[in-house]
Amino acid sequence: MEAGKENKLIVSVSPHIKSSESVDKIMWTVTATLLPTFVMGVYYFGPKAVIVTLLCIIGSLLSEYFVQKLAGKDISLKDGSAVLTGLLLGMNMPSTLPFYIPLLSSFVAVAITKQLFGGLGYNVFNPALMGRAFALITWPRAMTTWAQPIANFTGMDAKTTATPLGILKEQGLDKLLEVFGSKMHLYSELLLGHRAGSLGETSVIAILIGAAFLLLRGYITLRIPAAFLASVAAGAWVFGGKQGIFTGDPLVHVLSGGLMLGAFYMATDYVTCPTTKKGQMLFGAGCGLLTILIRLKAGYPEGVMFSILIMNCFTPLIDRGFRTEVFGAKKKA
Amino acid sequence: MSFTTFPLGGIHPPERKELASAVSIEVMPQPQRVVIPLSQHIGAPCKASVEVGQEVKAGEVIGTPEGFVSAPVHASITGKVTAFTSVLMPIGRMVQAVVVERAANRPDEAWQPAEDDKDYLKRSPDELKGRIKAAGIVGMGGATFPTHVKISPPKEKPIDAVIINGAECEPYLTADHRVMLEYPESVIEGLKILMAILGVTKGYVGIESNKPDAITKMLEAAKGSNIEVRTLQIKYPQGAEKMLIKSILSREVPAGGLPMDVGVVVQNVGTANAVYEACRYGKPLIERVVSVTGGGIKSPKNLKVKVGTPVSQLIETCGGLKPTAGKIISGGPMMGFAFYDLNTPVIKGTSGIVVLEQKDATGSDKFYNCIRCGRCVDACPMGLMPLMLSLFSEKGHYADAKDYHLFDCFECGSCTYVCPAKRPIVQQIKLAKTQVKP
């Protein structure tokens, strides 16, 4: 019995079939779901948004290529993870940057945070957020200079302005309402993205469209985002009000800043979040509480980035402390 | 309608049952030559009780058990013992085997029942157990644990339920499906015998909802008895004992424990059929139904085959391999073993021969770093963290793997099936299990 002349039979260990899911497919799919967000960023912030994003992606690819080349590893550009990191980094940047900031930040993200820690799967911190943290600390002024969002395709320098969270921090909710006219108008502008901010964080709707696709495909679960958003909302409601506890406006906090992008795309990064159900919920809640702590009490108006990076540190500990319960391990009643 | 299933983990690989599920069981002509391994079960191998040159009749004992956890082996055809040899089994072990050949001009002398004990249910449990032991019956789902041992639980473990496992959750396989469809009464009678032996009043048959015709037949056959035929939601690995018990009785076998710890004995459909034939007709386990199926075989079939028949002959009977065939598996594609050699004989535990096409079969492909996506954690029916077992094994930290419940893994392969980084998790777990003591 032969299976053709040169066609030898394969012998390997079970299982003999595998699902069609692959790392490449996951990375490219997540990348594709960011398309609506990117498009809205370009719509509001113009051609500069394209340039910043492209610089981040190019910087990521170059960093990945050179480190792997130097280390004598296989080049893994086609797995999509470097492109995804670059794209996410771009989404976390203002549109007004000089060219070297995106490039250097993506070097920090991919070369230092990811490759020097062992490459895909071994990084402790979310690479894109480390890139952004580096940029924010190194060029604090450039990284907090926000363009006024207008449907602007001329490439002309737009006016700069403060983000809603910035106004909230410096001048309070009343000022924010004055700027946006009414509460309903504020909410709707936050949802659509017609506000100052990082180019991929402003349009809540666009982010949710991509996230919905990832949820339906089972690429992410609601465990982390739901815990993240819920704890921010709870924290804002309890401590965020001027008239004492339980007077805050949770919706303003949930819809502003980088929370949606952070909760659905950054905190859910497989490599740097816990792997068990309980661990993920704790991780999400921790991110939320730290975010609200920073927003209300610390020097920065926004705390999503730092909260995720801080929780990244706890991921190994959470994974140890919140292991799964083994089938049959339950105590007898 | 919502059917029950086990709550934790599980996967839905493509079922591919349609290839052979509608093909009736076909009795394969007796081969001229059979190679019968003396170790076809978990436990001590048998000792040959025949000599080269000796004439043997179909059904005659040729290997006697050594030790309690063992089962005798019988000649499956009438002929002459021509040699002792060793054969390479798919699990990668060489085992001793007896070769029985029939002279070219000699007609088939098939096994004939010497008796027909219609009152088998009135016999004492010990008498029935004796018949099962003498027939050499072992678990025919693939685990091949000697049945008489499984139905002799210690006194401190009272049994109150017997479950017949008709889940057949492995993709492709259809042998149990066909047995339930074509011999429903035998299976139910076999279950009644097992219940009588164990003094149990409640019996169950668990069948996944993708076999509605078998469910109908089994319901009919079970009418008027204490046997409940339960339809289960389709989910792999439902046929694993612990999962099946959870699905049907909501009882959770303790970690590291056995079904008898929760008062249950589980037997496969084929085993129940063999138990009935042994207790009524004194028939030894010398033949079984094998699904020969998969995208790489020309005409998939369910064959009734003599133990000891080389796999190559089954493939021939099914029209041979397609040029696209890439891998041949003993058992299902999730937990089965790839054949090294097609001269390997069918044994008591061979539930199927699955021929995968090259494009569907995994090999030793390159794998990625673990990206910690947690899919394996969500897929594991035992509530383990396969990624950690995989990583520890890769680094040689076997003691840490044990701390992460290495030995609770029964290697169902769900983690490896879903892994997007294509990591050989089960292989790494198997390796770790050989490196530390339980």
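Treat the numbers as computed from the prediction; the structure is a model and nothing was measured.

1. Observations concerning the overall build of chain A
Secondary structure summary: chain A contains 16 helices and two strands in total. A compact globule built from 333 residues would reach a C-alpha radius of gyration of about 20 Å, and chain A, at 22 Å, matches this within 12%. If you line up chain A on its principal axes, its C-alpha atoms span 85 × 65 × 30 Å. Here the analysis covers contacts within chain A between residues at least 6 apart in sequence; of these, 72% occur between residues at least 24 apart. Total accessible area on chain A is roughly 14700 Å²; 68% of this is exposed by carbon and sulfur atoms. Here chain A contributes 28 positively and 18 negatively charged side chains, and the mean placements of these two sets differ by 6 Å.

2. A closer look at the environment of B:Gly296
All names here are of chain B. Turning to its location among the elements, Gly296 is positioned in the loop between strand S13 (287–293) and strand S14 (301–306). Sequence spacing of Gly296 and Lys327 is 31 residues, and the spatial spacing of their C-alpha atoms is 8.4 Å. The contact partners of Gly296, leaving out residues within four places of it in the chain, are Gly320, Leu321, Lys322, Ala325, Val355 and Glu357.

3. A word on the interface of chain B and chain A
Contacts between chain B and chain A engage 71 residues on the former and 51 residues on the latter. Taken together, the two surfaces of chain B and chain A that pack against each other cover about 5000 Å², and 59% of this comes from carbon and sulfur. Summed over the shared surface of chain B and chain A, the result is three salt bridges. Between the two partners, chain B and chain A, sit 22 residue pairs in polar contact (both at pLDDT 80 or more). At the level of elements, helix H6 (241–249), helix H8 (311–317), strand S15 (325–330), strand S16 (337–338), helix H9 (375–379), helix H10 (386–395), helix H12 (414–418) and helix H13 (425–435) of chain B are the ones that each hand at least two residues to the side of chain B that touches chain A. Here the side of chain B that touches chain A takes five residues from S15(B), the largest share from any one element.

4. Section: the pattern of salt bridges
Residues and elements named next belong to chain B. Enumeration over the complete set of coordinates arrives at 36 salt bridges over all chains. Arg131 is the salt-bridge partner of Glu127, the closest N and O atoms lying 2.8 Å from each other. You can see Glu127 and its partner Arg131 sitting in helix H1 (residues 125–134), four residues apart, about one turn around the helix. Linking Lys157 and Asp261 is a salt bridge whose minimum nitrogen-to-oxygen distance equals 2.8 Å. Here the residue Lys157 occupies a position in the loop between helix H2 (147–150) and strand S9 (161–166), and Asp261 occupies one in the loop between H6 and strand S12 (264–268), the gap between them amounting to 104 residues. Residue class for Lys157 comes out partly exposed when judged on its relative accessible area of 28%.

5. A word on the sheet that holds strand S4 (residues 55–56) of chain B
Within a beta sheet, neighbouring strands are joined by backbone hydrogen bonds and run either parallel or antiparallel to one another. Residues and elements named next belong to chain B. Strand order in the open sheet made by the four strands is S2-S8-S7-S4, with antiparallel pairing throughout. Two strands in the sheet have a free side with no partner beyond their single neighbour: strand S2 (33–37) and S4. Note that strand S7 (residues 79–88) and strand S8 (residues 94–101) share eight bridges and pair antiparallel. By the bridge assignment for S8, Lys80 is matched with Glu101.

6. Let's talk about the packing of aromatic side chains
Residues and elements named next belong to chain A. Tallied over the full model, the rule gives ten aromatic pairs over all chains. Consider the rings of Tyr65 and Phe66, whose centres lie 5.4 Å apart with planes at 85°: the pair is edge-to-face. With relative accessibility at 48%, the residue Phe66 sits in the partly exposed group. Judged by centre distance (5.4 Å) and plane angle (50°), the ring pair of Tyr300 and Phe306 falls under tilted.

Criteria and cut-off values
Residues numbered from 1 in each chain as written. Chains lettered and ligands numbered in written order. Predicted model: local features only at pLDDT ≥ 70, side-chain atom pairs only at ≥ 80, totals over all residues. Heavy atoms only, no water. Helix = DSSP H or I, 4+ residues; strand = E, 2+ residues; numbered from the N terminus. Rg over C-alpha atoms; globule rule 2.2 N^0.38 Å. Contact = heavy atoms within 4.5 Å. Areas by Shrake-Rupley, 256 points an atom, 1.4 Å probe, with all protein chains shown as cover. Lys, Arg positive; Asp, Glu negative; His and termini not counted. Charge placed at Lys NZ, Arg CZ, Asp CG, Glu CD. Buried area = accessible area lost by both parts, 1.4 Å probe. Salt bridge = Lys/Arg side-chain N within 4 Å of Asp/Glu carboxyl O. Polar contact = N/O pair within 3.5 Å; in protein donor to acceptor, adjacent residues only side chain to side chain. Buried < 20%, exposed > 50% of the residue type's maximum accessible area, 1.4 Å probe, protein only. Pairing = 2+ DSSP bridges. Phe/Tyr/Trp six-rings, centres within 6.5 Å; stacked < 30°, edge-to-face > 60°.

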